[in-house]
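Okay, here's what each chain looks like letter by letter:
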Amino acid sequence: MKLMEMTEGEKMKTRRPIVLPEEWEAAREQLLVKEKALTRARDALAAERRRMPWLAVKKNYEFDGPRGKVSLLDLFEGRRQLIVYRAFLEPGVSGWPEHACVGCSMVADQVAHVAHLNVRDTTLVFASRAPQTDIERVKARMGWEMPWYTITDDFDKDFGVDEWHGTNAFIRDGDSVFRTYFIDNRGDEQMGNTWNYLDITALGRQEEWEDSPEGYPQTPRYEWWIWHDEPNKTDGDRPGLVQLRSAQAAFKGGDTA
C-alpha cells in the first residue's frame, strides 16, 4: 500500500544498484554462503528437538469431530505422531461467524496436502471451540481440507493455547500419549509446509541423513515422496532415481543443493 502512495522520485530511492550479470551472480553466491549456514543451523536445531524429553499426557481429553466424540488418542488416526494447531474459530473472535480469525486463517491457507505428513506416520489436525456445524461451514467456504475438531474441555488451557494460537506436537507409544514440542507466536509463521511440520516432531523427517537418536525410523530421502491422490503408491521406477541414489551416496550432510 505504501508503494502505491510513493512519488516516482521516492520509488527511485528504493532501487538497489543495477549491476552486470556476473556481479549479480557474485552477490548471490556471497549471500548463499550465509543461507547454507542457516540451513545447517536449522538442521542442528531440529536434531536437538528430536532429543527433547517427552511429557506424559495423563488427562483424558475429549473433542467433537465430524463423526462424534473422540479422544486425543483418536486424533492420531492410528499413526504414531500428531500435530495439533489451535485455531481461533469461535464466538467472540473477529470474523465470526463467517470466518476464523484472520491470522489463523492465513495459517490454514498455507497448509500443504496432509497426505505427505500421513506417509511419515504423522497426523495434522486443527482444533477450535466452534461447533462442528460452524467448522464445516467455514472449511467449505475457505476450501480447507485438514481434519478440524471442536475443543470441549481444558485442552487449550492445559497446552498453552487458550488465549493465543500455537502448535503442539505429540507422539504415542501404544495407548500412551506424550507431548514432545510446542511452538507459537512468530514460530507459527513457518508452519504450513510438510518439511517444517516434520521438523518439529519427535521423529523428524525420518530420512537417513538426519542426526537422530539410534533406533529412530529413517529411510532414503525423496524415495518416500508420493502423489497425494495415490498416497499408498510411490514411484520406484521414476526417471532419475539411479542418479538420485548416486547423489545420496555422495552427499551425507543433509543438503545436496
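Residues numbered from 1 in each chain as written. Predicted model: local features only at pLDDT ≥ 70, side-chain atom pairs only at ≥ 80, totals over all residues. Heavy atoms only, no water.

Asker: If you had to explain the overall build of the protein to someone new, which residues and values would you point to?
Answerer: Across its full length, the protein carries nine helices and eight strands. Counting the 257 residues in the protein, one finds 39% classified as buried. At a minimum sequence separation of 6, the contacts of the protein that also span at least 24 residues come to 63%. If you sum the accessible surface of the protein, you get close to 15,300 Å²; carbon and sulfur atoms cover 54% of it. (Helix = DSSP H or I, 4+ residues; strand = E, 2+ residues; numbered from the N terminus. Buried < 20%, exposed > 50% of the residue type's maximum accessible area, 1.4 Å probe, protein only. Contact = heavy atoms within 4.5 Å. Areas by Shrake-Rupley, 256 points an atom, 1.4 Å probe, with all protein chains shown as cover.)

Asker: Hey, could you go over unusual backbone geometry for me, with residue numbers and the actual values?
Answerer: Of the consecutive residues Trp96 and Pro97, the connecting peptide bond is found in the cis state with omega at 5°. Among the secondary structure elements, Pro97 is positioned in the loop between strand 4 (81-86) and helix 4 (102-110). Despite not being glycine, Asn185 has its phi angle at roughly 50°, a positive value. A positive phi angle, near 70°, is found at Tyr222, a position not held by glycine.

Asker: Can you lay out the nonpolar core for me, pointing to particular residues and giving the numbers?
Answerer: By size, the foremost hydrophobic cluster in this structure holds 28 residues, and its most contacted members are Leu89, Val111, Leu124, Phe126, Met146, Trp148 and Tyr197. When contributions to this core are tallied by element, the ones reaching two or more residues are strand 4, helix 4, strand 5 (122-128), helix 6 (132-142) and helix 8 (194-199). Examining the composition of this core, we find that three residues originate from one element, helix 4, more than from any other. Those residues in contact with Tyr197 that lie beyond four places of it in its chain are Ile83, Val111, Leu117, Leu124, Phe126, Met191 and Gly192. (Core = buried A, V, L, I, M, F, W, Y, C linked by side-chain atoms within 4.5 Å.)

Asker: Explain the pattern of salt bridges to me, using residue names and the numbers behind them.
Answerer: Within the structure shown, the criterion is met by 16 salt bridges. Between Arg137 and Glu98 there is a salt bridge, with the nearest N and O atoms lying 4.0 Å from each other. Pair noted here: Arg137 is in helix 6 and Glu98 is in the loop between strand 4 and helix 4, with a separation of 39 residues, a long-range link. Assessed through its relative accessible area of 38%, Glu98 is described here as partly exposed. Because the salt bridges share partners, they merge into one network encompassing Arg86, Glu90, Arg129 and Asp156. (Salt bridge = Lys/Arg side-chain N within 4 Å of Asp/Glu carboxyl O.)

Asker: Outline the pairing of strand 7 (residues 166-173), supporting the account with residue identities and numerical values.
Answerer: Within strand 7, six of the eight residues are buried, which leaves it mostly tucked inside the rest of the structure. Of the pairings in the sheet, the one linking strand 4 to strand 7 comprises six bridges and is antiparallel in character. Directly across from Ile83, in strand 7, lies its bridge partner Ala169. Where strand 7 and strand 8 (residues 176-184) come together, eight bridges link them in antiparallel fashion. (Pairing = 2+ DSSP bridges.)

Asker: Could you give me a rundown of the sheet that holds strand 1 (residues 55-57), with the residues and numbers involved?
Answerer: With respect to topology, eight strands assemble into an open sheet ordered 1-8-7-4-5-6-2-3, the strand pairing being mixed. The two strands at the open ends of the sheet, each matched to only one other strand, are strand 1 and strand 3 (68-71). When the angles between neighbouring strand axes are averaged without regard to direction, this sheet yields 40°. Sheet topology places strand 5 next to strand 6 (residues 148-151); three bridges connect them, and they run parallel. In the strand pairing of strand 6, Ala127 is matched with Tyr149. (Axes fitted to C-alpha atoms, helices over the stretch in contact; angles between N-to-C directions.)

Asker: Account for the side chain of Arg120, with residues named and values stated.
Answerer: Tracing the backbone shows Arg120 in the loop between helix 5 (115-118) and strand 5. For the buried residue Arg120, which engages in no salt bridge, the nearest side chain bearing the opposite charge is Glu207, 5.5 Å off. Within the structure, Arg120 has its side chain in polar contact with the backbone oxygen of Arg205 (distance 3.0 Å). If near-sequence neighbours (up to four positions away) are discounted, Arg120 is found in contact with Gln81, Leu198, Arg205, Gln206, Glu207, Thr219 and Trp224. (Lys, Arg positive; Asp, Glu negative; His and termini not counted. Polar contact = N/O pair within 3.5 Å; in protein donor to acceptor, adjacent residues only side chain to side chain.)

Asker: For helix 4, give the residues involved together with the corresponding values.
Answerer: Helical geometry: 3.6 residues make up each α-helical turn, so side chains three or four residues apart lie on a common side. Looking at helix 4, one finds that the buried residues are Cys104, Ser105, Val107 and Ala108. Seen along its axis, helix 4 keeps its buried residues to an arc of 155°; they face one direction. Exposed residues lying more than 90 degrees from the buried face of helix 4 are Val102 and Met106. Buried residues along helix 4 sit in contact with strand 4 and strand 5. (Arc of directions from axis to C-beta.)

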